Every structure is written in structure tokens, then in C-alpha cells.
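# Coordinate inspection notes
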Amino acid sequence: MRFVVGGIEHAQPSLGHPGWKAGAQRSKPTNLRRTLSLMLDEFYKNLKTVGVSARDGEGVHSFFKAVEPSAEEYMESYKIDLDKGRAEKESLEEERPRANMERFRKDMEKTGGETVVLSTGMKVKQR
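Residues numbered from 1 in each chain as written. Predicted model: local features only at pLDDT ≥ 70, side-chain atom pairs only at ≥ 80, totals over all residues. Heavy atoms only, no water.

### Thoughts on the overall build of the protein chain
The line we're drawing: Helix and strand definitions follow DSSP, with helices as H or I runs of at least four residues and strands as E runs of at least two, each counted in order from the N terminus. Type-normalised accessible area, obtained with a 1.4 Å probe on protein chains alone, sets the label of each residue: buried when under 20%, exposed when over 50%, and partly exposed for intermediate values. Contact definition: two residues touch when any of their heavy atoms are within 4.5 Å. Values of accessible area rely on a 1.4 Å probe in the Shrake-Rupley scheme; residue burial ignores everything except the protein chains shown.
Across its full length, the protein chain holds three helices and zero strands. For the protein chain, the succession of helices and strands along the chain, N to C, is α-α-α. Scored against the burial criterion, the 127 residues of the protein chain give a buried share of 6%. Sequence separation of 24 or more characterises 29% of the internal contacts of the protein chain that already satisfy a separation of 6 or more. Split by element, the accessible area of the protein chain, about 12,100 Å² in all, is 57% carbon and sulfur.

### Concerning the confidence of the model for the protein chain
This is how the line gets drawn: pLDDT measures how confident the predictor is about each residue, on a scale from 0 to 100.
Chain-level pLDDT for the protein chain is 79 on average; 77% of the residues reach the 70-or-more range. Across the protein chain, the secondary-structure element scoring lowest on mean pLDDT is helix H1 (residues 8-15), at 52, and the one scoring highest is helix H3 (residues 60-111), at 90. Contacts from residues 1-5, a stretch scored under 50 in pLDDT, to residues over four places away or in other chains number three contacts.

### Some points on the pattern of salt bridges
Rule in force here: In what follows, salt bridge is the name for a side-chain nitrogen of Lys or Arg lying within 4 Å of a carboxyl oxygen of Asp or Glu.
In total, this model carries six salt bridges according to the counting rule given. For Arg86, the salt bridge goes to Asp83, with nearest N and O atoms at 3.3 Å. Here Arg86 and its partner Asp83 are both found in helix H3, three residues apart, which amounts to about one turn of the helix. For Asp83, a relative accessible area of 34% corresponds to the partly exposed category. A salt bridge links Glu109 to Arg105, with the shortest nitrogen-to-oxygen separation between them at 2.4 Å. On the criterion of helical spacing, the pair formed by Glu109 and Arg105 is a turn pair, its members being four residues apart in helix H3. According to the relative accessible area criterion, Glu109 is exposed, its value standing at 55%. On the accessibility criterion, Arg105 (37% relative accessible area) is partly exposed. What emerges from the salt-bridge pattern is a single network uniting Lys79, Asp83 and Arg86.

### Topic: a negative patch on the surface
Quick reminder of the rule: Residues with no salt bridge and a relative accessible area higher than 30% make up the patches, which join like charges within 9 Å and nonpolar side chains (Val, Leu, Ile, Met, Phe, Trp, Tyr) within 5 Å. When charges are tallied, Lys and Arg are placed among the positive residues and Asp and Glu among the negative ones, while His and the ends of the chain are skipped. In plain terms, the charge of a residue is placed at NZ if it is Lys, CZ if Arg, CG if Asp and CD if Glu.
The grouping of Glu68, Glu72, Glu73 and Glu76 at the surface amounts to a negative patch. With respect to the helices, strands and loops of the structure, Glu73 is situated in helix H3.

### Topic: H3
Heads up, the rule is: Here a helix's expected span is defined as the number of its residues, less one, multiplied by 1.5 Å.
For H3, with 52 residues, the first-to-last C-alpha span of 71 Å sits near the 76 Å given by 1.5 Å per residue. Two residues or fewer past H3, Gly112 is found with a positive phi of approximately 70 degrees.

Okay, here's the thing in C-alpha cells:
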């Protein structure tokens, strides 16, 4: 089974609008449908397809040949960004307790160790 998206022009009738007028007022659901349609169009435009038989496995070698460049692209591009993001997150998580302790120390110096009443700013109703 093969699923093909032919572009936004082919999807417009199913989205409920035969044509899009520039500058026309659109509802939020209409804008959402259009945006999602454009995203799907872009996704399927760059999608590589390979036929593989579930019955006898014919085409499996073609599948792995098609996956290999994508795996290399992942390792060269996306994995680097993911690793960088993880390192930044770990750095922030290591810094947070130190920053909290520093704020606590400053608060203790400011109050001289006295008891401080904290307020949420909410008014309590009297019964």
C-alpha cells in the first residue's frame, strides 16, 4: 500500500476550501488545517520510499541502503545538536543547587537568622 500526498492544491477540497484568497479572514480551525496541510506536504515531499515484501522479504537490502544515508545524516547533524542540548541541561542542573544555596545564604545574612513570615499575597477570607 502506498500513500501519496500531491500537495496543498490536492488537499484543499478535503480541507473545506476550494481556493485560498490572499488576505481573506480565516477562522482558527481553517488556519490550523492549512498549516497542518502545508507541514504534511513538506514532510511527504522529502520522504524516501522503498518497497519491502512482508511475505518473502524482497527489497530488504534496498531498505537498508536507503536508511544508511539517513543514519549518517543523523549522526552528523541531529545527534550533535542533541548531545549539545543534553550537556547544556546537565550544566544548568548542576548550577541550580549552587544558585539556590547562594540565595539562601544571602537571605540568611539579610535577616540575621530571624524568623521570616512568608506571604503568598493572597487575602484570606475571614469567617
